[in-house]
Protein chains: 2
Amino acid sequence: MTKHHPDTPSGERPTGPSRRRLLGTAGAAGAAGLVLGAAGGALGTAAATEPPTDLATVGRSRVPFHGAHQPGIVEPAQAHGHLIAFDLAADAGRKEAAALLRRWSRTAEALMAGETPSSRLHDTGIALDAGPSSLTVTFGFGRSFFGRTGLVAHRPAALEPLPPFSSDALDPRRSDGDLWIQIGADDALVAFHALRALQREADGTARVRWQMNGFNRSPGATAGPRTPRNLMGQIDGTNNPKETDEDFERRVFVPAGGDPAWMAGGSYAVLRRIRMLLDDWERTPLAEQEKVLGRRKSDGAPLSGGSETTPVDLEKRNADGDLAIAADAHVRVSAPETNGGAAMLRRSFSYHDGFRDDGAPDAGLLFIAWQADPLKGFVPVQRKLDRGDALSRFIRHEASALFAVPGGAGEGEYVGQRLLEG
Amino acid sequence: MTKHHPDTPSGERPTGPSRRRLLGTAGAAGAAGLVLGAAGGALGTAAATEPPTDLATVGRSRVPFHGAHQPGIVEPAQAHGHLIAFDLAADAGRKEAAALLRRWSRTAEALMAGETPSSRLHDTGIALDAGPSSLTVTFGFGRSFFGRTGLVAHRPAALEPLPPFSSDALDPRRSDGDLWIQIGADDALVAFHALRALQREADGTARVRWQMNGFNRSPGATAGPRTPRNLMGQIDGTNNPKETDEDFERRVFVPAGGDPAWMAGGSYAVLRRIRMLLDDWERTPLAEQEKVLGRRKSDGAPLSGGSETTPVDLEKRNADGDLAIAADAHVRVSAPETNGGAAMLRRSFSYHDGFRDDGAPDAGLLFIAWQADPLKGFVPVQRKLDRGDALSRFIRHEASALFAVPGGAGEGEYVGQRLLEG
């Protein structure tokens, strides 16, 4: 099996941190050939004979599986995402869960390298021809996992159920779960292939509890780095913590020596399926939409002035004496300054599942927030939003989950090994 | 409003004909600025200040709205597709339908140019920042449209209902419809924006009957031109008619002087929502999968030998005397040679709507076939497949529709004008 040899960091993605994203550089033709050879894998596809184009960087881009943290957290969100939660089978315990995580890790490592995973099951080749396409696979444990595997003593305190919020309209069938996988890739077939391969490995050990599909802007659709827009048309993520921030690691990842020890290098993921009431939103005049958010639609600049990245001035008043950013504007209520510094790394996907029976679009945001401690991230911010966010009349939280996402696997290790064999 | 000035054909797409696909070339920086300026439209986003990258060609790529044929037929299928069918409101007739097609055409023209459509409704800006991203919008009329608008005398004979097939398991709620729009774009937000904008224009005149979402490989995921793969992992579309074929126009488009006259330059679209029984398929060994299709998984070469583009040799026998391509292989049963030369231009999207209640993936192909006459395209081929295609035990046809897609609008004209004002 030809291996891909990434050695240069790449910064061509539209936005966000990218230190883990790598491109092969054995000469453009050579690199593309390697990737295609690797993707061919056991099915033995012919090496690429076409000259690669610049656009092939989408396929060639590769994220390493091994590392201090799992992939799929600090990398920019990809164009396609699949979220899938499983519950362990009634007869599966700690031993079976450990075997599953071992199979899943081996499969994820191969898929992320653009290789065909070795498996008791043959591969169906959906991802052939394409490179790794920035595929990331991220594994998490839900609160219920620990009871089913006799590991309650190792259950993080941070997995306490999220408090109820007044605006919740949660569907328990699409919430929670013993195990969670987040899949992201810049090619739809690469992402779907990973979903099917990982699901097959769970056969007999865990059954699907729920599954959701999401998307973001395609690489190359904008001319330069851009903060993503959501389906309300709003630039979303400007105030995200940056990897260059001095306190980034501390906010997002559990430190070594934290509690429990097996979570060192890990993070907690809060998932909220947030439906947008787009029919109502789209009938709302632009000026009112901007007032609800506190930012300009066109370029994301705060209504207190400047450009997208200008710090929000919560004290600024207009000529008529009114606050430039309204008291209930989303940007004010969610600002770290008004939440004791609480912050989380948001890395979301939009979703669109057609129309509901009531004729409204079933569309919105698969909101995913990463933090070292949900009680210092999602929970205080959402409590505040729940009380006075002007945006809340345009959205519904319809599903919710919280997962402990352990640190990355070292070479020869599988994800969760420190918990399952600790 | 700054206009985009396309002037070079581009051939960078993975596969298929591309003569309508255009890229701006006013210098890389200039072109990107123009597109971004145009996309900003009435909301007045700032001009691009970032240096454009090569990848921005995805956003910059633009398909013209006006022409002899509607867009979205001969261009390669984009990474994202939305199909939406409408039924006219009870109080809407020919006059209201004409006004709707006029609004839709104006909106589609603006959207495909990367501009914000002017409308009685304000735009929500979901597509801001991105260029046209190869957006195409295609309009069609279903058989029921003609009765509701008093135009039965102008109804094409080709809109006779498709015959029933033994393998049909059709859901009438997701089949047929008075009006149909096919939307495709290489950026998910550009496609969703177009869907919402066009749906809003229908408010009060037509209500949504059904809506489906699909996808294809991302531009740049492969290193060169590639025939698409479907979710079975199979290369799908090798034998598609090519624009360079001598009889391409005749097969795909209704000629001038045809019947009815208003369909000159038009085409008939057959849509079939074909669910793939992926759990069964993925359990089937590779050699058996290849026997079912008659082509090699890895590179699409026919089992009679050669490479993907080698003509299929239906007479070829293996050393043991068996037919190299089995009697019931999909490639044999669907071959033009065995169907009196019947052929159609297939331009499909994969779909994946999560899991069904029975635990199976709700995934497969939004099969779309274009032809000058369904009785010389889809119908004879499907009749043959219905009787003896080995693939049929792995698929279910779950929805079906047939639309008359009129020729393209000339400058100052709207799509369907020759019918509605003829």
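Residues numbered from 1 in each chain as written. Chains lettered and ligands numbered in written order. Predicted model: local features only at pLDDT ≥ 70, side-chain atom pairs only at ≥ 80, totals over all residues. Heavy atoms only, no water.

K.L.:
I'm lost on the side chain of Ser-218 of chain A in this one. Help?
P.N.:
By the secondary structure assignment, Ser-218 of chain A is in the loop between β6 (206-215) and α6 (248-252). Of the polar contacts made by the side chain of Ser-218 of chain A, one reaches the backbone oxygen of Asp-186 of chain B; its length is 2.6 Å. (Helix = DSSP H or I, 4+ residues; strand = E, 2+ residues; numbered from the N terminus. Polar contact = N/O pair within 3.5 Å; in protein donor to acceptor, adjacent residues only side chain to side chain.)

K.L.:
For this particular structure, what's the right way to read empty space enclosed by the protein?
P.N.:
Using a probe with the size of a water molecule, rolled over the atoms, empty space left in the structure can be pinpointed. Per the counting criterion, the structure on display carries ten cavities of 30 Å³ or more. Roughly 370 Å³ of volume is contained in the largest cavity. Around the largest cavity sit 20 residues that line it, and Asn-213, Phe-215 and His-352 of chain A together with Asn-213 and Phe-215 of chain B are the ones nearest its centre. Grouping the constituent residues of the lining of the largest cavity by class yields six nonpolar, twelve polar and two charged. (1 Å grid on protein atoms, 1.4 Å probe; cavity = no way out; pocket = protein on both sides within 12 Å on 5 of 7 lines; lining within 4 Å. Points joined across faces, edges and corners; volume = space filled by probe spheres on them. Nonpolar A, V, L, I, M, F, W, Y, C, P; charged D, E, K, R; others polar.)

K.L.:
How should I be thinking about the confidence of the model for chain A in this particular structure?
P.N.:
Interpretation of the predicted coordinates at a detailed level should be avoided for regions scoring low in pLDDT. Residue and element names in this part refer to chain A. Looking at chain A, the pLDDT average stands at 86 and 86% of residues meet or exceed 70. Between residues 23-55, whose pLDDT stays under 50, and residues either more than four places distant or in other chains, the model counts 82 contacts. Interface confidence in the predicted complex, given as ipTM, is 0.88; pTM for the same model is 0.89. (pLDDT = per-residue confidence, 0-100. Contact = heavy atoms within 4.5 Å.)

K.L.:
Help me understand the pairing of strand β7 (residues 267-276) of chain A in this model?
P.N.:
Regular strands place their side chains on alternate faces of the sheet. All names here are of chain A. Of all ten residues in β7, ten are buried, a share of seventy percent or more. The side-chain alternation of β7 yields two buried faces, one formed by Ser-267, Ala-269, Leu-271, Arg-273 and Arg-275 and the other by Tyr-268, Val-270, Arg-272, Ile-274 and Met-276. Here ten bridges tie β7 to strand β11 (residues 395-405), and the two strands are oriented antiparallel to one another. Bridge assignment links Ser-267 to a residue of β11, and that residue is Val-405. Here eight bridges tie β7 to strand β10 (residues 361-371), and the two strands are oriented antiparallel to one another. Bridge pairing in β10 places Tyr-268 opposite Gln-371. (Buried < 20%, exposed > 50% of the residue type's maximum accessible area, 1.4 Å probe, protein only. Pairing = 2+ DSSP bridges.)

K.L.:
Looking at this structure, I do not really get the pattern of salt bridges. What am I missing?
P.N.:
Opposite charge on two side chains permits them to pair, given that their charged atoms come into close proximity. Counted by the stated rule, this structure contains 56 salt bridges over all chains. With its nearest N and O atoms 3.0 Å apart, the salt bridge here joins Glu-282 of chain B to Arg-196 of chain A. Of this pair, Glu-282 of chain B sits in helix α7 (residues 278-283) while Arg-196 of chain A sits in helix α5 (residues 188-202), on two different chains. Here Glu-282 of chain B matches Arg-196 of chain A in class, with each residue buried. Among the salt bridges present, the one from Arg-207 of chain B reaches Asp-87 of chain B, with a minimum N-O distance of 3.7 Å. Of this pair, Arg-207 of chain B sits in strand β6 (residues 206-215) while Asp-87 of chain B sits in strand β3 (residues 80-88), and the two are 120 residues apart along the sequence. The class for Arg-207 of chain B is exposed, based on a relative accessible area of 51%. One network of salt bridges, in which partners are shared, links Asp-171, Arg-173, Arg-174, Arg-275, Arg-356, Asp-358 and Glu-398 of chain A. (Salt bridge = Lys/Arg side-chain N within 4 Å of Asp/Glu carboxyl O.)

K.L.:
How should unusual backbone geometry be read in this particular structure?
P.N.:
Excluding glycine, a negative phi dihedral is what most residues carry, and trans is how most peptide bonds are arranged. Of note, the bond from Asp-259 of chain A into Pro-260 of chain A is cis; its omega dihedral lies within 30 degrees of zero at -5°. Relative to the helices and strands, Pro-260 of chain A is located in the loop between α6 and β7. In this model, Asp-129 of chain B sits at a positive phi of 85°, which is unusual for a non-glycine residue. Tracing the backbone through its elements, the reader meets Asp-129 of chain B in the loop between α3 (94-112) and β4 (136-141). Note on Asp-129 of chain B: relative accessible area 2%, which makes it buried. One non-glycine residue with positive phi stands out, namely Ser-133 of chain B, at about 55°. For Ser-133 of chain B, the position within the fold is in the loop between α3 and β4. Take Ser-133 of chain B: its relative accessible area is 0%, and that puts it in the buried class.

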